[in-house]
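Observations on chain architecture
Okay, here's what each chain looks like letter by letter:
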Amino acid sequence: MPDLNARQCQSETTTQQLPSFYSPQTETTSTPHNDDDVEPADLSSSANGPAPASPTSNTSSSNPDAELPLRLPTTPLAQPPPTSLLSPAFTPPATPGTGTPLPSEPRGIPVDSSVPTGGCGSKRPRLLESLPEVECAVRARIPTTSGAEMFLHLYTNNVDNKEHLAIVFGRQIRSRSLDAPREGETELDRLVRGAYTGRLYPGREESGLAGPQIDDGNTSTQEGVNEQKEETTPLVRIHSECYTGETVWSARCDCGEQLDEAARLMSLSSNKAGGIIVYLRQEGRGIGLGEKLKAYNLQDLGNDTVEANLLLRHPADARSYGLATAILLDLGQKEIRLLTNNPEKIRAVEGPHREIIVKERVAMVPLSWKGRGGFRAPEVEGYLKTKIEKMGHMLDMGGL
Ligand SMILES: Nc1nc2c(ncn2[C@@H]2O[C@H](COP(=O)(O)OP(=O)(O)OP(=O)(O)O)[C@@H](O)[C@H]2O)c(=O)[nH]1
């Protein structure tokens, strides 16, 4: 990704004292739509924390209980609001590979959350002392429209009753809890819940896990089914559900594009280490679809994505990542390369005792910024600008 390098070099010249992997907050730019949507005073908050409260800037406070004035829009919107939507029982991930014409290798930036200059921002997420328990209930092979094949793993857990998912590229990555024998089950039971090696075919009767191993091409011995032969570290994306961005083509956010791009990178033939998209059912940064739609209306009334959450008495970001950490451990991962611009995610996914180590961060640069397709819309640009300026996202504003 040559322009990512260019953007990084540009960042280095502006902030000599910062490490090369740190993408600094850029000065406020005169982006036409944002000048309309957000008043200059609201853009002054730092990526490292909210601006001090003042009569004009208290909307940038991270305190969900802060009194926040509801601002009127300064210009009428060109588009009418979307029609009402039914909340689906299940949001399928978008099709990988679509709209992303050029293959390109992901470039990682080394990170180390154990040191302050390690490229993981300055905020420390609050983590629970222990990780939740997870169990892979079932997995199935999913051939995709791009030609790549993945295994969809459905997880249960002991903290909520949602169906969190792991989208796994690469047969060498296996779930311990799925492969573990369950009391009283037959070989057919194991085949039906996806606990088998190799491929299924009509008439197959043995899972390959109970007796001598069937050579999977990647899995090894019965004791060591989680061991990876490849030394390279897998790509991982921790993705939060976004019905609007992934299913109904919303141009308010880049979630659909990020999901597609993550899948595309993981299924490149050059990526021997495989990849995992942990798909967490924390819609709307954890506030749910109904509240997110209210937030969108507040955004159309002139507030940004953070202010809208706060006006609804939600935190700017209500998510947690303990389930993702537990799922990655179940999938045998200890070291990962994480696709994200969000430094908080890096620390959070590592777990309370750094059960997982993020070795590299791979930036998720919008495709339109790289001249590789994608889409542009005033709403997504305002959304990204707020993430950079208020939520500490490590993206350079040059693309806006
Ligand atoms: N509350 C709220 N949630 C939003 C909005 N736009 C998108 N989302 C949600 O934000 C989440 C997307 O976040 P992620 O794609 O995980 O990304 P991120 O934490 O921003 O960081 P990256 O890893 O860099 O993409 C999804 O749950 C979306 O539904 C918004 O305007 N308001």
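It should be emphasised that the depicted structure is a prediction, and the values quoted were computed from it without experimental measurement.

The next point concerns the site of the ligand. In the vicinity of the ligand lie 25 residues, with E241, R319, T340, K345 and K387 positioned nearest. The separation between an oxygen atom of the ligand and a polar side-chain atom of Q258 is 2.9 Å. Interatomic distance of 3.0 Å between a side-chain N/O atom of T305 and an oxygen atom of the ligand. Secondary structure elements with two or more residues in the shell around the ligand: strand 5 (235-240), helix 6 (255-266), helix 7 (289-300), helix 8 (305-311) and helix 11 (378-390).

For the coordinates displayed, the defined rule picks out zero aromatic pairs. Its guanidinium or amino end placed over the ring of Y196, R139 lies 4.7 Å from that ring's centre, counting from NZ or CZ.

What follows deals with the nonpolar core. One finds I238, I276 and L328 to be the most contacted residues of the largest nonpolar core, which totals 31 residues. Among the elements of the structure, strand 2 (134-143), strand 4 (164-169), strand 5, strand 6 (275-280), helix 9 (322-330), strand 7 (335-339) and helix 10 (343-350) are those that each provide at least two residues to this core. When residues of this core are assigned to their parent elements, the largest contribution, six residues, is made by helix 9. In this structure, I276 is in contact with A166, I167, V168, I173, L235, V236, R237, M266, L328, L331 and Q333, ignoring residues within four places of it in sequence. If you look at the next biggest cluster of nonpolar residues, it comprises 16 residues, including A262, L265, L268 and M364.

The subject of this paragraph is helix 7. With 12 residues, helix 7 should reach 16 Å at 1.5 Å per residue; the first-to-last C-alpha distance of 17 Å fits that figure. Turning to helix 7, its buried residues are L289, K292, A295, Y296, L298, Q299 and D300. At the C-terminal side of helix 7, G302 shows a positive phi close to 110°.

Bringing the pattern of salt bridges into the picture now. Under the criterion given, the structure shown has 18 salt bridges. The salt bridge partner of E350 is R354, with a shortest N-O separation of 3.1 Å. Take E350: its relative accessible area is 1%, and that puts it in the buried class. Take R354: its relative accessible area is 30%, and that puts it in the partly exposed class. In this structure, R376 engages E381 in a salt bridge whose closest nitrogen and oxygen atoms are separated by 2.7 Å. Judged by relative accessible area, E381 falls into the buried class, the value being 11%.

What counts, and at which threshold
- Residues numbered from 1 in each chain as written.
- Predicted model: local features only at pLDDT ≥ 70, side-chain atom pairs only at ≥ 80, totals over all residues.
- Heavy atoms only, no water.
- Near = heavy atom within 4 Å.
- Polar contact = N/O pair within 3.5 Å; in protein donor to acceptor, adjacent residues only side chain to side chain.
- Helix = DSSP H or I, 4+ residues; strand = E, 2+ residues; numbered from the N terminus.
- Phe/Tyr/Trp six-rings, centres within 6.5 Å; stacked < 30°, edge-to-face > 60°.
- Lys NZ or Arg CZ within 6 Å of the ring centre and 35° of its normal.
- Core = buried A, V, L, I, M, F, W, Y, C linked by side-chain atoms within 4.5 Å.
- Buried < 20%, exposed > 50% of the residue type's maximum accessible area, 1.4 Å probe, protein only.
- Contact = heavy atoms within 4.5 Å.
- Expected span 1.5 Å × (residues − 1).
- Salt bridge = Lys/Arg side-chain N within 4 Å of Asp/Glu carboxyl O.

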